[in-house]
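Observations on chain architecture
Here is how the chains run, residue by residue.
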Amino acid sequence: MNKERIYICRECGVELTNQNKVYNRRLCKRCSTKISTNWRINHKEIFRTYLKRSDEKIRRLVISHYSNGKISCDICGENDINCLSINHINGEGRKERELVSKGKGGIPFYRWLIKNHYPKGYNVLCMNCQFRVFKKRMRINVIEKNKGKHFIYIAGPYTPKNCSLHDAAMKAQYNIDRAIEIANKLIEKGHYVFVPHLSHYIHIHYSHTKEYKEDLWYELDNTFLYNWATALFYIGSSYGADKELEIAKRMGLKIYYKIEDVPEC
Ligand SMILES: [Zn+2]
Ligand SMILES: [Zn+2]
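Residues numbered from 1 in each chain as written. Chains lettered and ligands numbered in written order. Predicted model: local features only at pLDDT ≥ 70, side-chain atom pairs only at ≥ 80, totals over all residues.

Looking now at the overall build of the protein. From N to C terminus, the protein includes nine helices and six strands. Against the globule reference of 18 Å for 265 residues, the protein gives a C-alpha radius of gyration of 29 Å, more extended than a compact globule. Taken over the C-alpha atoms alone, the protein extends approximately 100 × 45 × 45 Å along its principal axes. Sorting the 265 residues of the protein into buried and exposed places 21% on the buried side. The long-range fraction of contacts in the protein, counting pairs at least 24 apart against all pairs at least 6 apart in sequence, stands at 61%. (Helix = DSSP H or I, 4+ residues; strand = E, 2+ residues; numbered from the N terminus. Rg over C-alpha atoms; globule rule 2.2 N^0.38 Å. Buried ≥ 20, exposed ≤ 12 C-beta atoms within 10 Å, placed from the backbone. Contact = placed C-beta atoms within 7 Å.)

It is worth spelling out the sheet that holds strand S6 (residues 254–256) at this point. One open sheet holds the four strands; their spatial order is S4-S3-S5-S6, and the pairing between them is parallel. Looking at which strands have only one partner, the edges of the open sheet turn out to be strand S4 (192–194) and S6. Put simply, the sheet's adjacent strands are angled 25° from each other on average, direction ignored. Bridge count for strand S5 (residues 231–234) against S6 is three bridges, and the pairing is parallel. In the strand pairing of S6, Phe-233 is matched with Tyr-256. Sheet strands in contact with helix H6 (residues 165–188) are strand S3 (151–155), S4 and S5, and its direction is about 160° off that of S3. (Pairing = 2+ DSSP bridges. Axes fitted to C-alpha atoms, helices over the stretch in contact; angles between N-to-C directions.)

Among the nonpolar cores identified, the biggest contains 35 residues, and Ile-152, Ile-154, Leu-232 and Phe-233 are the most heavily contacted of them. Those residues in contact with Ile-152 that sit more than four places away from it in its chain are Leu-186, His-191, Tyr-192, Val-193, Ala-229, Ala-231, Leu-232 and Phe-233. (Core = buried A, V, L, I, M, F, W, Y, C linked by C-beta atoms within 7 Å.)

Per the domain assignment, the segments making up the protein are domain 1 (7–42), domain 2 (48–127) and domain 3 (147–261). A C-alpha centroid distance of 33 Å is found between domain 2 and domain 3. Here the residues of the side of domain 2 that touches domain 3 are counted per class, giving one nonpolar, two polar and one charged. (Domains from an automatic or database assignment. Nonpolar A, V, L, I, M, F, W, Y, C, P; charged D, E, K, R; others polar.)

Now for the pairing of S5. As defined by bridge partners, S3 adjoins S5 across four bridges and the pair is classed as parallel. Within the sheet, the bridge partner assigned to Ile-152 lies in S5 and is Ala-231.

Packing of helix H2 (residues 44–66) against helix H4 (residues 106–115) brings their axes to within 10 Å, and their N-to-C directions diverge by 55°. It follows that H2 is oblique to H4 by the angle criterion. In terms of crossing hand, the pair formed by H2 and H4 is left-handed. When H2 is examined against H4, the residues Asp-55, Ile-58, Arg-59, Leu-61 and Val-62 are found in contact with a partner set consisting of Ile-107, Tyr-110, Arg-111, Leu-113 and Ile-114. Of the residues that constitute the contact of H2 with H4, the class distribution is seven nonpolar, no polar and three charged. (Parallel < 35°, antiparallel > 145°, perpendicular 65-115°, else oblique. Left-handed = near helix turned anticlockwise from the far one by under 90°.)

On to H2, then. A rise of 1.5 Å per residue sets the reference length of H2, with its 23 residues, at 33 Å; its end C-alpha atoms lie 33 Å apart and thus fit the reference within 8%. Burial analysis of H2 places just two of its 23 residues in the buried class, which makes it a mostly uncovered element. (Expected span 1.5 Å × (residues − 1).)

Structure (structure tokens):
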């Protein structure tokens, strides 16, 4: 006759069943919880270190996932993990945390993200950029509510590509003229504009004798995107314009592709 063996808890002697036993240990769930609680009480320091280590691991895991393994700010590239956190792209972060982690950010929220298989709609930002994006959102809300003026950054090709030196000057001028024409139409609609193409005149001016620092113009233009613009007008694709479009999207700026879509104010 095949008699099933009976196991009992080594602490309290209760018979172990599928419902009350702890996997792989000869303990009932109650005794197991009691033992772990006692251990935590008697080893507070060690427990705190474990907890800290596992929190750090969770943070690193989530931040690395949402920055495509780079661990860096999606806008400015800051890569000190202590300055980075998860940002809700649509700005509904607070409401969502109320629902998923009792209003708590940080580790409880990161655990929820892992448990839910990293849902879409988040990115990684440093504290400065979080603050910038937050301020920008507030400003855009006020502008839209009051049908007010937008601060529009014009993004479009500038550097001539695939042409002779002779044609290059004409092509650059064409790109600048087009940006100016669009700027004028937006001014007529009542908005403020910034045309990065106008730096061309600083670049080619006779008083300029030294080479400008590499990336100077991108850096200068980005300060307008970060600190001034509430909207971006995208004329067409180029290395710079596409990067600017990406930054504007991450910053939550209004993006316009056609003059007729820009409201009058
Ligand atoms: Zn027991
Ligand atoms: Zn940043």
